[in-house]
Amino acid sequence: MSFEIISQISDAEIIATGRGIRTLSEIRQRYGPGRWRKLKGVASVRLATGRIRRAELHWYEAHGVGNCTLGQPTIGRLFTNRGQIGVRRGRGIC
């Protein structure tokens with residue numbers, strides 16, 4: 001799913017560190033060693049259809065490397081005024 005982040009990411013929190021990250025070896029191969037953390041936060045995104053939604057985003061970062069993604073941040077959940085409308089599952093490389 002392609003999208004564009006159109007607001008600041010808020011409520012950022014760490015959801016995994018070190019060996020708790022499933023794709024840690026892939027991240028270290030591509031970006032090098034570091035104290036890697038997987039984070040999530042909420043932001044407004046513009047979907048490919050043009051709709052604007054609040055979404056939970058997932059990404060990685062490490063001290064000295066900064067924010068990085070293997071592709072683009074993945075959407076964890078989409079929200080509407082009535083609540084959550086879908087959870088994206090699978091191996092989304094974020």
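Since the structure is predicted, the reported quantities are computational estimates derived from the model, not experimental observations. (Residues numbered from 1 in each chain as written. Predicted model: local features only at pLDDT ≥ 70, side-chain atom pairs only at ≥ 80, totals over all residues. Heavy atoms only, no water.)

Help me understand the overall build of the protein, please; the structure alone is not making it clear to me.
For the protein, the count of helices and strands is one helix and seven strands. The helix and strand sequence of the protein, counted from the amino end, reads β-β-α-β-β-β-β-β. Every one of the 94 residues in the protein was classed for burial, and the buried ones make up 34%. Of the roughly 6,200 Å² of accessible surface on the protein, 44% is carried by carbon and sulfur atoms. (Helix = DSSP H or I, 4+ residues; strand = E, 2+ residues; numbered from the N terminus. Buried < 20%, exposed > 50% of the residue type's maximum accessible area, 1.4 Å probe, protein only. Areas by Shrake-Rupley, 256 points an atom, 1.4 Å probe, with all protein chains shown as cover.)

Sorry if this is basic, but what is going on with the nonpolar core here?
Listed in full, the eight residues of the largest apolar core are Phe3, Leu39, Ala43, Val45, Leu47, Ala55, Leu57 and Trp59. For this core, the secondary structure elements donating two or more residues are strand 3 (36–47) and strand 4 (52–62). Tallying contributions element by element places strand 3 first for this core, with four residues. Of all hydrophobic cores here, the second largest spans seven residues; its members include Ile21, Leu24, Ile27 and Ala62. (Core = buried A, V, L, I, M, F, W, Y, C linked by side-chain atoms within 4.5 Å.)

Would you mind going over the packing of aromatic side chains with me for this structure?
In this description, a pair of aromatic rings is defined by centroid distance and the angle of the planes. If you walk through the whole model with that rule in mind, you get one aromatic pair. Where Tyr31 meets Trp36, the ring centres are 6.2 Å apart and the plane angle is 50°; that geometry is what we call tilted. (Phe/Tyr/Trp six-rings, centres within 6.5 Å; stacked < 30°, edge-to-face > 60°.)

What exactly am I supposed to notice about the environment of Ala16 here?
Assignment of secondary structure puts Ala16 in strand 2 (residues 10–17). Considered as a pair, Ala16 and Tyr60 are 44 residues apart in the sequence and their alpha carbons are 9.4 Å apart.

Just to check I follow, could you spell out the pattern of salt bridges for this structure?
Two side chains that carry opposite charge are able to pair once their charged atoms sit near each other. What the rule picks out here adds up to two salt bridges. Among the salt bridges present, the one from Arg46 reaches Glu4, with a minimum N-O distance of 3.2 Å. Of the two residues, Arg46 sits in strand 3 while Glu4 sits in strand 1 (residues 3–5), which places them 42 residues apart along the sequence. Judged by its relative accessible area of 34%, Arg46 falls in the partly exposed class. For Glu56, the salt bridge identified is with Lys40, shortest N-O distance 4.0 Å. (Salt bridge = Lys/Arg side-chain N within 4 Å of Asp/Glu carboxyl O.)

Help me understand the confidence of the model for the protein, please; the structure alone is not making it clear to me.
Low-pLDDT portions of the prediction should not be read for the details of their coordinates. Scored by pLDDT, the protein comes out at a mean of 75, with 68% of its residues at no less than 70. Taking the mean pLDDT of every element in the protein, the minimum, 45, falls on strand 7 (residues 83–87) and the maximum, 91, on strand 2. Contacts of residues 82–94 to residues separated by more than four positions or lying in other chains number 31 contacts, the stretch itself having pLDDT below 50. (pLDDT = per-residue confidence, 0-100. Contact = heavy atoms within 4.5 Å.)

Got a minute to help me understand unusual backbone geometry in this structure?
Backbone geometry follows two general trends: most residues other than glycine have a negative phi, and most peptide bonds adopt the trans configuration. Phi at Asp11 is positive, roughly 55°, even though this residue is not glycine. Here Asp11 shows up in strand 2. Judged by relative accessible area, Asp11 falls into the exposed class, the value being 58%.

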